[in-house]
Amino acid sequence: MASPGKTNSLTDIEGLLIGQAADMRVKTGVTVILPETRAVCAVDVRGGGPGTRETDALAAHTLVDAVDAVVLSGGSSYGLAAADGVAAALGARGQGFSLVDLPGVPPSPVVPSAILYDLANGGDKQWGDRPPYRQLGRDALDMASKAVALGKAGAGYGARAGAHPGGTGTASLVLPSGLAVAALVCVNSFGSVTLPGADDVYWSWPLEIEAEFGGARPPQDWQMSPGDWGAAKVNPGARENTTIALIATNASLTPSQAQRLAIMAQDGLARAIRPIHTPFDGDVVFALSTAREPLGDTPELTLAELGNAAADTLARAVARGVHTARSQEDGA
């Protein structure tokens, strides 16, 4: 029977470290996913207003077949600078892609990234020509460890999930075969994560394991009301909403297989947020393989199983992140 890993977090996938940094005055933050060795990575973009860096390089037909890190950041387009800080630090360590090894020629770290919009959340954004994101990226990298904070942490620090506080969520699932998937998500959605008329019940409730996000269930007489979005944002502006996530697996995947995993994992957002992938969202899901375990004798079937597990795990991570952020706000 499938069950969560030891920490129910992204770092249940062996070979991954997570760094999270936040600026409480600005109400923003950065998350860095750092594989111990360069890792195959793919991406699937569904939202109408995405903000990304180096995602084109992840296509299966391109030259680069692995990444050095993945960065998720607040700050809208300013937040893309977080990857600059991470790339500079990794390059100084001698990490990155080298077409040829020549004296005096530094490697080029491959650090794809995605951002969410948190500019209108009340934080002090009067930074002039020195936004904090490059430094936040370096800070997050320096703090990389096995620990993953939920709720108001990292790139999800200043997020909103519909009418509720958003935040960082994570979850994992280990299959009977020993293959595993895990998710980390920063929820800043236009859509609602809870049911209309049952605001303590998450859309992800059928997938919940051991009351990991409160254990609330719909009333017996609850019915779906078409067109009722519940606690969604009411008057969104372009690019003001985004859910950005990374799915990781210990299975050894090719770039094409990682792409399929990312595509299937996106369905987890649809299971957890309504509506999703709107013109106002910039939803992005990365998929990363640490290649510790083979796919086995039936790789296509195993990949389908992993993709479904990834979608369920991402849906759980969404609810866990928002549930924690709501608890933190209530206790503030």
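Residues numbered from 1 in each chain as written. Predicted model: local features only at pLDDT ≥ 70, side-chain atom pairs only at ≥ 80, totals over all residues. Heavy atoms only, no water.

A. The arrangement of the overall build of the protein in detail. Of regular secondary structure, the protein possesses five helices and 14 strands. The C-alpha radius of gyration computed for the protein amounts to 19 Å, which stays within 12% of the reference 20 Å derived for 332 residues, consistent with globular compactness. When its C-alpha atoms are laid out on the principal axes, the protein stretches across 70 × 55 × 30 Å. Contacts in the protein between residues at least 24 apart in sequence constitute 80% of all its contacts with a sequence separation of at least 6. Charged side chains of the protein number 24 positive and 34 negative; the gap between the two group centres comes to 5 Å. (Helix = DSSP H or I, 4+ residues; strand = E, 2+ residues; numbered from the N terminus. Rg over C-alpha atoms; globule rule 2.2 N^0.38 Å. Contact = heavy atoms within 4.5 Å. Lys, Arg positive; Asp, Glu negative; His and termini not counted. Charge placed at Lys NZ, Arg CZ, Asp CG, Glu CD.)

B. How the structure looks around the environment of P176. Residue placement: P176 occurs in the loop between strand 9 (167-174) and strand 10 (180-188). Given a relative accessible area of 62%, P176 falls into the exposed group. For P176 and S3, which are 173 residues apart along the polypeptide, the C-alpha to C-alpha distance reads 8.5 Å. (Buried < 20%, exposed > 50% of the residue type's maximum accessible area, 1.4 Å probe, protein only.)

C. Structural detail: the side chain of R316. Topologically, R316 is positioned in helix 5 (residues 299-331). Residues within four places of R316 in sequence aside, it is in contact with P4, N8, A171, S172, L173, S204, L207, I209, E212 and F213.

D. View of unusual backbone geometry. Here R274 and P275 are connected by a cis peptide whose omega angle stands at -15°. Turning to its location among the elements, P275 is positioned in the loop between helix 4 (267-272) and strand 14 (284-293).

E. Region of interest: the sheet that holds strand 14. Across the sheet, five strands lie side by side as 3-14-13-10-9; this open sheet has mixed pairing. Two strands lie at the open edges of the sheet, namely strand 3 (40-45) and strand 9, each paired on one side alone. Neighbour to neighbour, the strand axes of the sheet diverge by 15° on average, direction disregarded. Of the strand pairs in this sheet, strand 9 and strand 10 are connected by eight bridges, and their pairing is antiparallel. When the bridges of strand 10 are listed, S172 appears paired with A182. In this fold helix 3 (residues 255-265) packs onto strand 3, strand 13 (242-251) and strand 14, with an angle of close to 40° to the strand it touches most, strand 3. (Pairing = 2+ DSSP bridges. Axes fitted to C-alpha atoms, helices over the stretch in contact; angles between N-to-C directions.)

F. Seen up close, the pattern of salt bridges. Counted under the stated rule, the structure contains 12 salt bridges. A salt bridge links E14 to R292, with the shortest nitrogen-to-oxygen separation between them at 3.2 Å. Placement of the pair is E14 in the segment before strand 1 (16-23) and R292 in strand 14, with a sequence separation of 278 residues. The structure contains a network of salt bridges with shared partners spanning E14, E36 and R292. (Salt bridge = Lys/Arg side-chain N within 4 Å of Asp/Glu carboxyl O.)

G. The environment of A315, seen in detail. Mapped onto the secondary structure, A315 falls in helix 5. Taking C-alpha positions, A315 is 12 Å from I209, a pair spaced 106 residues apart along the chain. Residues in contact with A315, not counting those within four places in the same chain, are S204, L207, G268, R271 and A272.

H. Here's a closer look at the sheet that holds strand 4 (residues 52-53). Reading across from one edge, 1-2-5-6-4 is the order of the five strands in this open sheet, with mixed pairing throughout. With one partner strand each, in any of the chains shown, strand 1 and strand 4 form the two edges of the open sheet. Taken together, the eight bridges between strand 1 and strand 2 (residues 28-35) define a ladder with antiparallel strand orientation. The residue of strand 2 that forms the bridge with G19 is V32. Most of the contacts of helix 1 (residues 81-92) go to strand 5 (residues 70-73), to which it runs at about 150°, and overall it touches strand 2, strand 4, strand 5 and strand 6 (113-115).

I. Up close: the packing of helix 3 against helix 5. Running from amino to carboxyl end, helix 3 crosses helix 5 at an angle of 40°, the nearest separation of the two axes being 8 Å. Our classification of the angle between helix 3 and helix 5 gives oblique. Here the hand of the crossing between helix 3 and helix 5 comes out right-handed. Here Q257, R260, L261, M264 and A265 of helix 3 come into contact with helix 5, specifically with P299, L303, A304, L306, G307, N308, A310, A311 and L314. (Parallel < 35°, antiparallel > 145°, perpendicular 65-115°, else oblique. Left-handed = near helix turned anticlockwise from the far one by under 90°.)

J. Spatial organisation of the pairing of strand 12 (residues 198-202). With two bridges connecting them, strand 11 (residues 194-195) and strand 12 associate as antiparallel partners. Within the sheet, the bridge partner assigned to T194 lies in strand 12 and is Y202. Hairpin connection between strand 11 and strand 12: a loop of two residues separates the two successive antiparallel strands, and G197 in this loop has a positive phi of roughly 80°.

K. Structural context of the nonpolar core. In this structure, V187, V193, I247, I273, L306, L314 and V318 are the most contacted members of the largest nonpolar core, which totals 39 residues. Listing elements by their share of this core, those giving two or more residues are strand 3, strand 9, strand 10, strand 13, helix 3, helix 4, strand 14 and helix 5. Here this core takes 10 residues from helix 5, the largest share from any one element. Not counting chain neighbours up to four residues away, the residues in contact with I247 comprise A182, A183, L261, A265, V285, F286, A287, L288, A310 and L314. By size, the runner-up hydrophobic cluster in this structure holds 27 residues, among which are V43, V70, A155 and C186. (Core = buried A, V, L, I, M, F, W, Y, C linked by side-chain atoms within 4.5 Å.)

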